[in-house]
Amino acid sequence: MYDTNIKGISTIIWDCDNTIWIHREDELEELIAKSVGIPYTEELKKQYYGFFDAFNKRFEDEKVTLKKTAKLIEERMPILSKYGVTGSYFLDKWIPLETSFVNEEAVEVLKYQREKGYKIVILTDWFMDSQVQLLSKYGVSQYIERIYACDNEYMKTSPKSAKRIVKPGNESEYVIIGDSLDSDIAFAEHAKIRSIWYNPSKKENRTQYVPTAEVTSLLEVINIIE
């Protein structure tokens, strides 16, 4: 049974991707491939999405760097070499691209939380430059006190990631909002804080991670956190 009332919170941690903004279904075909200058194919699609699984596994307990990520892209997306594209070049083109659209519900909730005096921070498993650009473009950076990105840091799945955000002894004052059970809710469990799973598609939870609360609309968060 999920909680419908989360009290005593002072700091709200937000995920970005597929929470504050939603990724476009054609992001690879219409945006990334064209920007990099390579044709879109099913093989490219397979390797692109396979990269994310490899990325999460590669950095389970190791700090993320651009150099290591570029090398991993070359390893997991060998199709790029066919067109003379290096991992670094692909990453340089990819990071600044806007491949999403803003979740208007998130904007409304962030504004409300800021007006109520909550401290709002971002925790993202992607690179700082990209996320700062989007937060600014979507008009929500004004509500954010600090951004924690993965540049030279541990990802959410690592217990070590909590140390830079959650103050020991004050765990009850934090809550994280995010769409990923394996990332956001996993972070909450090893950080020993509460969590709200954003699940607009009403997916079944088949993981070991149990969120404190579940919402299908971010607007529900307004009535959950007190």
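Asker: Help me understand the nonpolar core, please; the structure alone is not making it clear to me.
Answerer: Nonpolar side chains in soluble globular proteins generally cluster together in the buried interior. By size, the foremost hydrophobic cluster in this structure holds 32 residues, and its most contacted members are W14, I20, I196 and I225. Secondary-structure elements contributing two or more residues to this core are β1 (11-14), α5 (104-115), β4 (119-123), α6 (128-137), β6 (174-178), β7 (194-198), β8 (213-215) and α8 (221-224). With four residues, α5 is the largest single contributor of residues to this core. A54, F90, W94 and W126 belong to the second largest nonpolar core, which has 27 residues in total.

Asker: Help me out: how do you make sense of empty space enclosed by the protein in this one?
Answerer: In this approach the atoms are scanned with a rolling probe the size of a water molecule, which exposes any empty space left behind. One pass over the structure, following the stated rule, counts one cavity of 30 Å³ or more. Each pocket or cavity is described by its volume, and for the largest cavity that value is around 30 Å³. Taken together, Y112, Q113, Y118, V221, I222 and I225 make up the full set of residues lining the largest cavity. If you list the elements that add at least two residues to the lining of the largest cavity, you get α5 and α8. Residue classes in the lining of the largest cavity are distributed as five nonpolar, one polar and no charged.

Asker: Teacher, can you tell me more about the sheet that holds β1 here?
Answerer: In a beta sheet, neighbouring strands pair by backbone hydrogen bonds and run either parallel or antiparallel. Taken together, the six strands give an open sheet; going across it, the order is β5-β4-β1-β6-β7-β8, and neighbouring strands pair in parallel fashion. Each end of this open sheet is capped by a strand with a single partner; those strands are β5 (146-148) and β8. Sheet twist, expressed as the mean angle between neighbouring strand axes with direction ignored, is 20°. Two strands pair when backbone bridges link them, and β4 and β5 are joined in this way by three bridges, in the parallel orientation. When the sheet's bridge partners are listed, L123 is paired in β5 with Y148. This element, α5, spans β1, β4, β6 and β7 of the sheet and lies at about 160° to β1.

Asker: Which parts of the structure should I look at to understand the packing of helix α1 (residues 27-36) against helix α2 (residues 42-58)?
Answerer: Geometrically, a packed helix pair is captured by the angle between its two axes and the distance between the axes. Contact geometry of α1 with α2 gives a least axis separation of 11 Å together with a crossing angle of 85°. For the element pair α1 / α2, the angle class is roughly perpendicular. Between α1 and α2, the contacting residues are E27, L28, I32 and A33 on the first element and L44, K45, Y48 and Y49 on the second. Grouping the constituent residues of the contact of α1 with α2 by class yields six nonpolar, no polar and two charged.

Asker: Mind showing me how you'd approach the packing of α2 against helix α3 (residues 66-76) here?
Answerer: One can describe the packing of α2 onto α3 by two numbers: an axis separation of 9 Å at closest approach and a directional angle of 135°. When the axes of α2 and α3 are compared, the pair comes out oblique. Of the two elements, α2 crosses α3, and the hand of that crossing is right-handed. Residues Q47, F51, A54, F55 and R58 of α2 lie in contact with α3, whose contacting residues are K68, T69, L72, I73 and R76. Residues belonging to the contact of α2 with α3 are distributed by class as follows: five nonpolar, two polar and three charged.

Asker: For this particular structure, what's the right way to read α6?
Answerer: Note: α-helices contain 3.6 residues per turn, so residues at a spacing of three or four share the same orientation. By the burial criterion, the buried members of α6 are S130, Q131, L134 and L135. For α6, the angular spread of the buried residues around the axis is 125°, confining them to a single face. Opposite its buried face, α6 presents the exposed residues D129 and K137, each directed more than 90 degrees away. In this structure, the buried residues of α6 make contact with β2 (21-23), β3 (100-102), β4 and β5.

Cut-offs and rules
- Residues numbered from 1 in each chain as written.
- Predicted model: local features only at pLDDT ≥ 70, side-chain atom pairs only at ≥ 80, totals over all residues.
- Heavy atoms only, no water.
- Core = buried A, V, L, I, M, F, W, Y, C linked by side-chain atoms within 4.5 Å.
- Buried < 20%, exposed > 50% of the residue type's maximum accessible area, 1.4 Å probe, protein only.
- Helix = DSSP H or I, 4+ residues; strand = E, 2+ residues; numbered from the N terminus.
- 1 Å grid on protein atoms, 1.4 Å probe; cavity = no way out; pocket = protein on both sides within 12 Å on 5 of 7 lines; lining within 4 Å.
- Points joined across faces, edges and corners; volume = space filled by probe spheres on them.
- Nonpolar A, V, L, I, M, F, W, Y, C, P; charged D, E, K, R; others polar.
- Pairing = 2+ DSSP bridges.
- Axes fitted to C-alpha atoms, helices over the stretch in contact; angles between N-to-C directions.
- Contact = heavy atoms within 4.5 Å.
- Parallel < 35°, antiparallel > 145°, perpendicular 65-115°, else oblique.
- Left-handed = near helix turned anticlockwise from the far one by under 90°.
- Arc of directions from axis to C-beta.

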